[in-house]
Amino acid sequence: MRLLPRLLVLSGCLLGTSISEAQVSISPSPGDDLFLEEVLPLLEERCFKCHGPHAKRLRGGLMMSSHDSLIEGGDSGAAIVPGDPDASLLIELVLEADEEFRMPPKGQLDRSELALLEKWIGLGAPWPGGEELLRDVRDIDLDAGRQWWSFRPPAEPEAPTLLSPASRALVKNEIDSFIFARLEAENISPAVRANDAQLVRRLHFDLLGLPPSPERARDYAASSDPDKWAQLVDELLAKVEYAERQARSWLDVVRFAQTSGYERDAEKPMAWRYRDYVIRSFHDDKPYDQFLRQQLAGDEFENPTQADIIATGFYRLGTWDSEPDDRAQADLDIHDDVLRTISEGMLALTIGCARCHDHRTDPIRQEDYYSLLAFVQNVAPYRKPKFSFDSLVLRALDATPKHRKQREDMRENSQAHAQGVVDRFAVELLERHPEAGQAPKEPAARISFVSKKSFQKRLSNDDRLQLYILKTEAAGLEDSFQGNLTWALAAIEPGPETAATHVLRRGRSDSPVKEVLPVFPPVLCASDGEALPSNIRPRESSSGRRTALAEWITDPRHPLTARVMVNRLWQGHFGAGLCETPNDFGVTGARPSHPQLLDWLALRFLESGWSIKAMHRLILNSHTYTMQSSRVTPPGAALDPANRLLWRQNLRRLDAESLRDSCLAVAGSLNKARGGRGFFPALSREALAGGSKPGLGWEKSSLEQRNRRAVYTYAKRGQLDPLLEVFDLCNPSLPSGSRAETTVASQALSLLNSRLLGRSATSLAERVRAEFPGQLEAQLGRLYGLTVARTPHVDELQLARDFIASQTQAFAAGEAALVFRASVPDRLELEYLRLLAPEDLFFGPDQGWSFVRGQWGLRYNQTEQFDRLSGPAALLDESRFSAGEVSLRLSFLKGTPFVGLLLRARSEQSGFAGLQLFLDREAGEISLLEHRTPAGTPTYLARAPLAIDESRDLDLIVRLEDSTLRAWVDEHLVIEYEGLAPDTTGGLGLRTWGAGCEVRGLVVNDRIIPVHEAMSAEQKALASFALVLLNLNEFIYID
Amino acid sequence: MAPSSNSRRAFLKSTAALAGLPLFDASSLVAQLADGRPLAPKAPHFPAKAKRVIFLFMFGGPSQMDLFDYKPLLQENSGKTISIEKRRGDTQEMVLLGSQRKFRQYGDTGQWCSDALRYIPEHMDKLAIIKSLQTDSFAHGSAVLQLNSGQTFQGHPALGAWLAYGLGSENDALPGFVVMHDPRGGPISGPANWTSGYMPASYQGTLFRSTGDPLLNLSAHTNSFRSSMNRAMEREQIDAIGELNARHQAARAGHSVLAARNATYDLAYRMQETAPEALDLSGEDEATLEMYGLNEPAPSHRLALPTSLFGRQCLITRRLIERGVRCVQIYHGGGHQQQTWDAHHGVEENLAIHCPEVDRPIAGLLTDLERRGLLEETLVIWGGEFGRQPVSQVAGAGQIASSAGRDHNPKANTIWLAGGGVRPGSYGETDELGAEAAVNKHHLRDLHATILHLCGIDHTRLTFYNGGLDRKLTGVVEAFPIKGVMG
């Protein structure tokens, strides 16, 4: 389809007038660009030490600080001939073969550097800015710049008059007048109102991100109250779910996450308080100016509340490299990241572009960047957070002076206590291993004794892990002890004094050029004079600069703040903003489609006291919002296919979170618990395997927790929920104003096959079965109501019945199997490994079997690997089996490395002992192993070659007598061993790894071991249909 | 329908910049993106030999002076103390550590290689070994990010994402950018290394496993009732979805995205066959398996993996390339230190662990690509995030332990290219000790510009609008393709 209307070509530029109208003359010549970007830095780096303005001793009499000085040259004459590199001495000396004369004297220039100089001289050696090479400058006319549409304060537009009575009849409020007037100019009529069912669904998803209940939709349709729409808007705006959804958009803007990213991707403790603060703020309809002031400078308020402090966590949300190449530069990058987030998020201004040079397109000088940076640069840069009163990152919100002493006491006690716990365990271990010899009596020495390699090798896997964990925890107590206090990530300044801020050449921390004071970007102020803050008042422990910044940003006269936010709110209701680049209102951004409407909305926003809910009401009560979206009709379809003029509403896909939450909601599983640190989605083996220490920083949450809304997902930068990611969750490293909307096959795979969807479809089917037992038609009606908020048509019912009948039959015909496989990757990080129960490591039948953790080892860098011979296993309950016959049919699944059949197996010390018939596909052999102890190396009793072909099943029969074992594979005797210890008893078990195996027809001494099926064929078929509904476009798109 | 503002911006700019008028271009990649086909194939900027890229990422930073960068003077002076600037502004007295490997020249190009590798040097006349690359960071995290995305910061699209964005994919039943891991673990910073950053998620690298189910969610989660459905039942389910979608769509003519999304179900269904099929080596003859090292004996070192694992990944890579995947990246080395090429704790041990793991498989891959006529249109990249130091990391003055290791070195890195449009031969030099690039030195961004150039892409024209500028893989500083390695 066409993206852009023919209109654009026919009637001038719809999205705004051309750039030249704004009279910002800005584009430098290509040569200037080359000079500023490349040549100047090269000269500075390689030549200025001896030939620059700050050279200690000017060599050869050559000064290279300007075009003229290069022509003037030094002792050997002119250094350059503009336009003729071959005739230029500079090039000659760079190419000089004799090292003694070659320039620069140390380190030859590489080919690209030489090419660069030649190109530059060839272009006439342009040197914009003349002698003043202190800044990467561009000629910026601020007065002209102030005329840019978004830099002019919003002006009260005249309400347009509509000519057509048809349009006039549809007008609900002024929004419609602006929209319809623009449509009239193109002879397009606005669309009619959508039907009640569509509107109720649309409004629920827009405001709550959740589907309406069928009851609410029915009541709405049945009501004849003329005010019912406005009432529904109010009703939904009052819900917490509204705030949870609205908060998510803001969290995108401020690139919220709870970890630092990079190698360690460590937790930013208490970051969740900021998320909860944002939700609370939207719920309370906190005035937007106050919302911004709290985040920018809440700590500088008089008597700040806890929320005021928590809000300043805003400064702590970005990525943080714990091992940077250059610490000073990295700290500067942190401030830069904050400044970009402020400017793009609150002002839709891409000021970050002016860090290294004047902004290429917007009237912002490099100096303006640093002058604005000066407002925030006093915030202590992020460091590894410590729960201490002198932390510059974490603050105890409820601490009083008295707490300091108490805390010290508690910390000492708890450390002593922790050491005691470690020592007690050491004593216990020593008692268990008397063979290790005499151990020291002093606790610290005792702990170090049991930590030695020579002692560790005696320990079982569990004991080693336990000791490691205890020691780590005791050691970490210093930093992680929170006491009984409420901590928050916060902006903290070291004191009222500020370090000087400098313009930095190329944004490098080690190349200050000149000092600047905190000044607002003049182009955003009515005059240069107003750019100087008049109200910076240092506080006891901070500079007061951020308060001045907050007051400037939230000044009602600020040209950007209100416009930017109403544009975001508009985008939330139409899929695109009036300005389509919500984070960039500058020259490179899009021009607003309805600039006057944007101004009008911004002014109403200010009038309402920055009330976000009032703005929602205004937009939602327009006719424009309620227009139908599905029919794409002429002339709009031809003239404005992209619907920028809003002649209809847009059809929109659910965003990632709404889609996931809706699946849980219709299944009746959604847990509405609010707030807190968040939950950890269950990750598959595949998703976990991507880390350098798989599972590092991940935890295990209960199913109930995992059923909470997506906004409460623990936001780990290095481990996003794959289901959300595939549906265009934004990358939480950069500020994001809008999400992409892609359509790819992996989305279909996720909605068909992921654990959450399988679970939701099952619960949804069970829900309607429970509500209408035995009444398929009623069940189907309910399914439709819950998922797409309507009743099914007759032929849809027929399709559903046929589908369910056919699937029921097919499910019933399938041969049930016992399935075993690994649930985790080969290697896991120790702490994560500790959190997992045996059934989290190894998957097997959910009834009649129990699991053992088995052996893990090959420890390296806080990770351990499962043991191929003694790793996790499933043991068949109540299966005393010491003699007789076992038979089964075995299918190796794709790539499964081995299957082990355990015999006379006993669960011991979280592992197993007994016999193992080990079918090793990789080695192409079958062997009989004896595990005398769970931790020891098993003994090979017998082994024989066995080629295992994944594509066909194996029939395995094992006959066990007192001291003899015989095993047949496909009726060939493969193992025969006499000499088993006769007294061993125990049960049957199974081990495998990777994709695992399926077992059918397991018979133990003529007893058939049942395959427990949690669901009947009918139940599965209904779930299968429920899954169909969750995959429909009708479910995933909003009309 | 509301395409993302990003895409519309990029569309506006690209079309306007190309011709000034008209403002409509149906073939625009953004139009495809908006229509839900972000990976539709696109023409390069200019004709090029390389159509696909294989990136053999040697994570940890292989020791160049023990492999390809022969430094006789360093070997002669091994054990002597020198003053060396290791990290920026940090000069220390350290002991030179000469390579204990023996070197010799191979092929017509006469390029040097040590005896740590036996099979790869047989292909010497296919390799352009660049010895003079420099990168910005001394630390793994940021250096790995930079080799992948051009930036030392997290959140920027990886090379493979740029290729998928710029050229699309030739097979829509497979991802455009595939990533495979070392079984020991992923590289540090994990998914940030194959992210699509500020681009749509469809360009990000897709993890592809060499055993079992290659793709996430390719088959149903074992806990789901769907795992007991056979292909016919799945087909029936997808048909039901299609039929109900068609009804829904009939009332919404003009919304092409609905049809596009419906079509992804057939694609997903096909993917369930095409993706595992790439893993199915049963059609490969014994000689091929042997060539990739699939029959090599098990290693003895406890941290070493059987050669067959990387061999299998290389063979699967060839199969993916044959099927039109645009970019395959395999990480060799996963986890930390000796699990990777990060030889702090012993260069000799590190070489002994890792060289046998990759040597035969990579040689086999080059042979196989060549004999199938794939090499000339496939660019193969081999290398790690930085080089290593000529000095011993832990040793007293004048003595070198047999376990001596080397620290990171961002000032001298060796990366080689082979295949599509590459001119074989040694390029660039380090100083006599191998401490720093000295002749024809290039920043990493020049390598990125070169890779794009070999794929027919002008690195200055492949841009994506974000945060106020048209971003490029090579960043804001001007980059120059390395002419000396292009045929």
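Residues numbered from 1 in each chain as written. Chains lettered and ligands numbered in written order. Predicted model: local features only at pLDDT ≥ 70, side-chain atom pairs only at ≥ 80, totals over all residues. Heavy atoms only, no water.

What follows concerns the pattern of salt bridges. Opposite charge on two side chains permits them to pair, given that their charged atoms come into close proximity. Residues and elements named next belong to chain B. Across all of its chains, the model carries 101 salt bridges over all chains by this definition. Between Glu273 and Arg231 there is a salt bridge; the shortest N-O distance is 2.8 Å. Of this pair, Glu273 sits in helix α7 (residues 256-279) while Arg231 sits in helix α6 (residues 231-250), and the two are 42 residues apart along the sequence. By relative accessible area, Glu273 is classed as partly exposed at 48%. In the salt-bridge network here, residues are joined through shared partners; they are Glu277, Glu284, Arg318, Arg319, Glu322, Arg323, Asp368, Arg371 and Arg372. (Salt bridge = Lys/Arg side-chain N within 4 Å of Asp/Glu carboxyl O. Helix = DSSP H or I, 4+ residues; strand = E, 2+ residues; numbered from the N terminus. Buried < 20%, exposed > 50% of the residue type's maximum accessible area, 1.4 Å probe, protein only.)

Residues and elements named next belong to chain A. With omega at -15°, the peptide bond leading from Met103 into Pro104 counts as cis. Along the chain, Pro104 falls in the loop between α5 (89-95) and α6 (111-122). Following Pro634, the chain continues to Pro635 via a peptide bond in cis, the omega torsion being 0°. Tracing the chain through its elements places Pro635 in the loop between α27 (623-626) and α28 (636-639). Phi at Trp610 takes a positive value of approximately 60°, unusual for a residue other than glycine. Structurally, Trp610 can be placed in the loop between α25 (595-607) and α26 (612-620).

Moving on to the domain arrangement of chain A. For chain A, the assigned domains read domain 1 (30-137), domain 2 (287-392 + 493-559), domain 3 (400-484), domain 4 (758-816 + 1018-1029) and domain 5 (818-1012). Look at where the C-alpha atoms of domain 4 of chain A and domain 5 of chain A centre, and you get two points 38 Å apart. (Domains from an automatic or database assignment.)

So, on to the side chain of Ser196 of chain B. Residues and elements named next belong to chain B. Its location among the elements puts Ser196 in the loop between β7 (177-180) and β8 (206-207). Relative accessible area serves as the criterion here: at 2%, Ser196 is assigned to the buried category. Beyond its immediate sequence surroundings of up to four residues, Ser196 is in contact with Pro157, Ala161, Ala201, Tyr203 and Gln204. (Contact = heavy atoms within 4.5 Å.)

Let us now look at the confidence of the model for chain A. All names here are of chain A. Taken as a whole, chain A shows an average pLDDT of 89; of its residues, 95% reach a score of 70 or greater. Between residues 1-28, whose pLDDT stays under 50, and residues either more than four places distant or in other chains, the model counts 59 contacts. Below pLDDT 50 for its whole length, residues 131-135 participates in 15 contacts with residues either more than four positions away or in separate chains. (pLDDT = per-residue confidence, 0-100.)

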